[in-house]
Amino acid sequence: MQNTLIDFLNRLINLCHKEFMVILKDPANRVILIVPVILQSLLFGYAATFDLNNIPYAVLDQSHTESSRQLLARLDSTGVFHRVATLTSSSQIAHEIDVGHALVALHIPPDFERQLGSGAPAPLQVILDGRNSNTAGNASAQIRAIVANFNASLPGATAPALSVQTRAWFNPNLETRWNILPGLIASLSMMQVIMLSALSVAREREQGTFDQLLVTPYTPEMIMVGKAIPSIVVGLVQSSLIMLVVRFWFHVPMAGSILPLYSGLLMFTIAIVGLGLSISALAATMQQAMLYTFVLLMPLILLSGLATPVHNMPEAFQIATYANPLRFAIDLVRRVYLEGNSLATLWHDLLPFVCMAAITMPLAAWLFRHRLV
Amino acid sequence: MKLPFTKRPTATSWQAFWQRLISLIRKEFRQLLRDRSNLLIGIGLPIALILIFGYGLTLDVRNARLVVALEDGSPTAHDVIATINGSPYMSTTEVRSLGEARQQLIQHQVDGIVHIPNDFSARLANGQGVIQLILPGGDPIRSSAIQGYVEAAASLWLQQQNDLSGNKTRRAGVLVVDRMWFNAANTSTWFLVPGLIVLIMTLVGTFLTALVMAREWERGTLEALFVTPVHPVEVLLSKIVPYFCVGLLGLAMCVVAAKLLFAVPIQGSLILIVLASMIYMVVSLAIGLLISAFAKNQFLASQIAILASFMPAMMLSGFIFDLRNVPLLVRLAGYLLPATYFMELIKTLFLAGDQWTLLFKDCGILLLYAVALLGLARLVTRKRLD
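1. Some points on helix α6 (residues 140-165) of chain B
At step 1: Spanning 26 residues, α6 of chain B covers 37 Å between terminal C-alpha atoms, matching the ideal 38 Å at 1.5 Å per step.
At step 2: Of the residues making up α6 of chain B, those classed as buried are P140, I141, R142, S143, A145, I146, Y149, V150, A153, A154, W157 and L158 of chain B.

Here it is as structure tokens:
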């Protein structure tokens, strides 16, 4: 009994060893598994933000008064607004906006100060480049906030009788980077792990070595485990690398602990590898395996809530995301990393991984024998 | 397939060139159509992307669920909540204690807590009313928007109160009147769907081409073609043409979907959109050919194509994330990408119309890329033959 177990483990180790060799023997492969993850997490860490911190603006100040200068000085002092053009006629506004030179054009009418003094509302016209309506909306909100401050500083201004005090948990400045970076821990590694596992069987089928493997004393289950373990290890290593970048390069504070994070990531990676192996067992060639994987990857990433919140989606799409393991993985990483949740409160994120692994792993093993190339 | 080979640039050699090219293209089309997984990427995936981006993804925050921790049961407090509820973007449920509300927020059942403290109406009477809004920072995109909505609702309520009481308290000041050009509907769909054209062309041009060509290198079928009388240029051209057509098909689907399904305005001329797309398609194909020639291995080629071309086109080209927000170094990386210029161009052509300055600049840059990259691809292909 004990011997068979040792025998089993020995064989498994041999198989894993062989699979690791296949993945790592090519130096180009080693590079492609390590460098891009780090590079991407750095690059996307900087790029993937909705926080607008550079607003080039053009101004047409027809008022030329103390108040208009004060208002503009407030804009300039934020460090966010940068004046790129001082216009002299309203016909110039269109050009500045059209060529994308300025994101915002401010028009201060001639009677600005007179209106302000008379107690009537003094209009400040703001023209926004809506080619990215999200950026434009953000810029508009910032201008409104500055104008509200300006108004409060006017003589005779009273504080509004009702104010809203906002407090944001886990992310006091509501930085979007803090939301997207933890999401990358799950998604960037998934992209390569699923590809890796999808190719593992397809490669052997294409080269004809899979039949040889099938006639060895290995059971399909063992072959599957042997194929799965290396991919899982690669995935966890990649996740760890990204996490190091998020924690120590971008300094996103980590509220949770390592154990729930890794338990979640491990189960997620197992589910993903199961999915990859099933694709691999179905595909006749490496190219098919890659194409199927890619076609699957796109919706998985887009509908995961990585860049656009799941709750923004229409109801039908939100329901569709329940079939997406990445959605739960990103949710889990955010809950643990940002919010410090413990394993006990995460079962609803873990359950989909268990279900997925329970379906895909046996399916892959079954397909190994039953699919005729 | 054996055709007479001649080096003299005579009329017959041109004729032979076309003959060879056409039969090669026919072969490539057959090869492309035979493998269903190619069609899946070239046609199936674009359709899925159009539907996902058009219907599914949006940056516009709607249906925010707020829980109200109502500790003050006064009619005034109820009135404020009614105003918040009146917003088309928010709906509220009520609980009696803050603890209960916190629990709901921790479990992500709601998008935020509106806390109305028990001294709310008393303080409001003194002109110091405070509503507390607690938001989950884990979702800053929604949280920022909800903060804006609640603040707007609060000032709306205040204004209504002033109007009702005939209160003439002078609340003068600057009034922001903003107008958003090019996106009257203020919806992210209007810029996501045109931007999708860039993604689809990158997908077909770079990813699919790199993958298919890498397989030919891997299997040596390309060398087999080279030993026939066919010239390497003809081989390259014949490989490019079918994918070029698939890319244009993707463009056509995007334009039709934008127009019919999502009512995105097309302000610019269609001819310019097609022309600009054709230039970018050539750039994208050239990148795909280059990647395959360097990698010569399917796994490597597909990884490089995704990492060096597709992902940057999605993340660094200004598609979703505005390049204005990023540090200089990353912005420069964005400006190295041909996709960035095509993105700017296609969004402008759809939403702003024919802006000639921008058009000449971006088309010029794309043309330079096309010429340089095609030349490079040609060079690499010949080298491999020697």
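2. Remarks on the nonpolar core
Proteins that are soluble and globular tend to have nonpolar side chains buried together.
At step 1: Core analysis: the biggest nonpolar cluster contains 191 residues, and F294 of chain A together with I41, L49, F53, I197, F342 and F350 of chain B have the highest contact counts within it.
At step 2: When residues of this core are assigned to their parent elements, the largest contribution, 20 residues, is made by helix α7 (residues 189-219) of chain B.
At step 3: The contact partners of F53 of chain B, leaving out residues within four places of it in the chain, are L302 of chain A together with L192, L196, L199 and F319 of chain B.

3. A look at the packing of helix α1 (residues 2-24) of chain A against helix α7 (residues 177-207) of chain A
All names here are of chain A.
At step 1: For the pair α1 and α7, the least separation of the axes is 12 Å and the interaxial angle reads 100 degrees. By the criterion of interaxial angle, the relationship of α1 to α7 is roughly perpendicular. Here K18, E19, V22 and I23 of α1 come into contact with α7, specifically with L196, S200, R203 and E204.
At step 2: Residue composition of the contact of α1 with α7, grouped by class: 3 nonpolar, 1 polar and 4 charged.

4. Quick notes on unusual backbone geometry
Residue and element names in this part refer to chain B.
At step 1: Non-glycine residue N63 carries a positive phi angle of around 35 degrees.
At step 2: Looking at where N63 falls in the secondary structure, it is placed in the loop between α2 (36-56) and β1 (64-70).
At step 3: Judged by its relative accessible area of 40%, N63 falls in the partly exposed class.
At step 4: The backbone of A263 sits at a positive phi, close to 55 degrees, despite the residue not being glycine.
At step 5: Mapped onto the elements of the fold, A263 is located in the loop between α9 (232-261) and α10 (270-295).
At step 6: With relative accessibility at 51%, the residue A263 sits in the exposed group.

5. Let's talk about the interface of chain B and chain A
A common way to express how large an interface is: the accessible area buried when the components associate.
At step 1: On the side of chain A, 106 residues touch chain B, which itself brings 108 residues to the contact.
At step 2: Between chain B and chain A lies a buried interface of about 9600 Å² when both sides are counted; carbon and sulfur atoms form 65% of it.
At step 3: Per-residue buried area on chain B facing chain A is highest for V174, F299 and R324 of chain B; these three make up 8% of the total on that side.
At step 4: For the interface between chain B and chain A, the tally reads 1 salt bridge.
At step 5: A salt bridge links D178 of chain B to R144 of chain A; its shortest N-O distance comes to 3.3 Å.
At step 6: Seen at the junction of chain B and chain A, the total is 36 residue pairs in polar contact (both at pLDDT 80 or more).
At step 7: With 12 residues, the single largest contributor to the side of chain B that touches chain A is helix α11 (residues 298-315) of chain B.
At step 8: Both strand β4 (residues 122-129) of chain A and strand β5 (residues 174-181) of chain B contribute to a ladder of 8 bridges, which runs parallel. Within the sheet, the bridge partner assigned to I127 of chain A lies in β5 of chain B and is R179 of chain B.

6. What about the packing of aromatic side chains?
At step 1: Here the structure, examined in full by the defined rule, presents 18 aromatic pairs over all chains.
At step 2: When the ring of F294 of chain A is compared with that of F207 of chain B, the centres are 4.0 Å apart and the planes differ by 25 degrees; the resulting orientation is stacked. Of the two residues, F294 of chain A sits in helix α11 (residues 286-302) while F207 of chain B sits in helix α7, which places them in two different chains.
At step 3: Overall, the relative accessible area of 2% leaves F294 of chain A in the buried class.
At step 4: A relative accessible area of 1% places F207 of chain B in the buried class.
At step 5: Geometrically, the ring pair formed by W14 of chain B and F17 of chain B is edge-to-face, given 5.5 Å between the ring centres and 85 degrees between the ring planes. Remark: F17 of chain B and W14 of chain B occur in helix α1 (residues 11-34); sequence separation between them is 3 residues, near one turn of the helix.
At step 6: By relative accessible area, F17 of chain B is classed as buried at 16%.
At step 7: Taking the ring centre of F248 of chain A as reference, the NZ or CZ of R247 of chain A above it sits at 5.2 Å.
At step 8: The lysine or arginine in question, R327 of chain A, covers the ring of F328 of chain A, its NZ or CZ lying 5.3 Å from the ring centre.

Thresholds, definitions, all that
Residues numbered from 1 in each chain as written. Chains lettered and ligands numbered in written order. Predicted model: local features only at pLDDT ≥ 70, side-chain atom pairs only at ≥ 80, totals over all residues. Heavy atoms only, no water. Helix = DSSP H or I, 4+ residues; strand = E, 2+ residues; numbered from the N terminus. Expected span 1.5 Å × (residues − 1). Buried < 20%, exposed > 50% of the residue type's maximum accessible area, 1.4 Å probe, protein only. Core = buried A, V, L, I, M, F, W, Y, C linked by side-chain atoms within 4.5 Å. Contact = heavy atoms within 4.5 Å. Axes fitted to C-alpha atoms, helices over the stretch in contact; angles between N-to-C directions. Parallel < 35°, antiparallel > 145°, perpendicular 65-115°, else oblique. Nonpolar A, V, L, I, M, F, W, Y, C, P; charged D, E, K, R; others polar. Buried area = accessible area lost by both parts, 1.4 Å probe. Salt bridge = Lys/Arg side-chain N within 4 Å of Asp/Glu carboxyl O. Polar contact = N/O pair within 3.5 Å; in protein donor to acceptor, adjacent residues only side chain to side chain. Pairing = 2+ DSSP bridges. Phe/Tyr/Trp six-rings, centres within 6.5 Å; stacked < 30°, edge-to-face > 60°. Lys NZ or Arg CZ within 6 Å of the ring centre and 35° of its normal.

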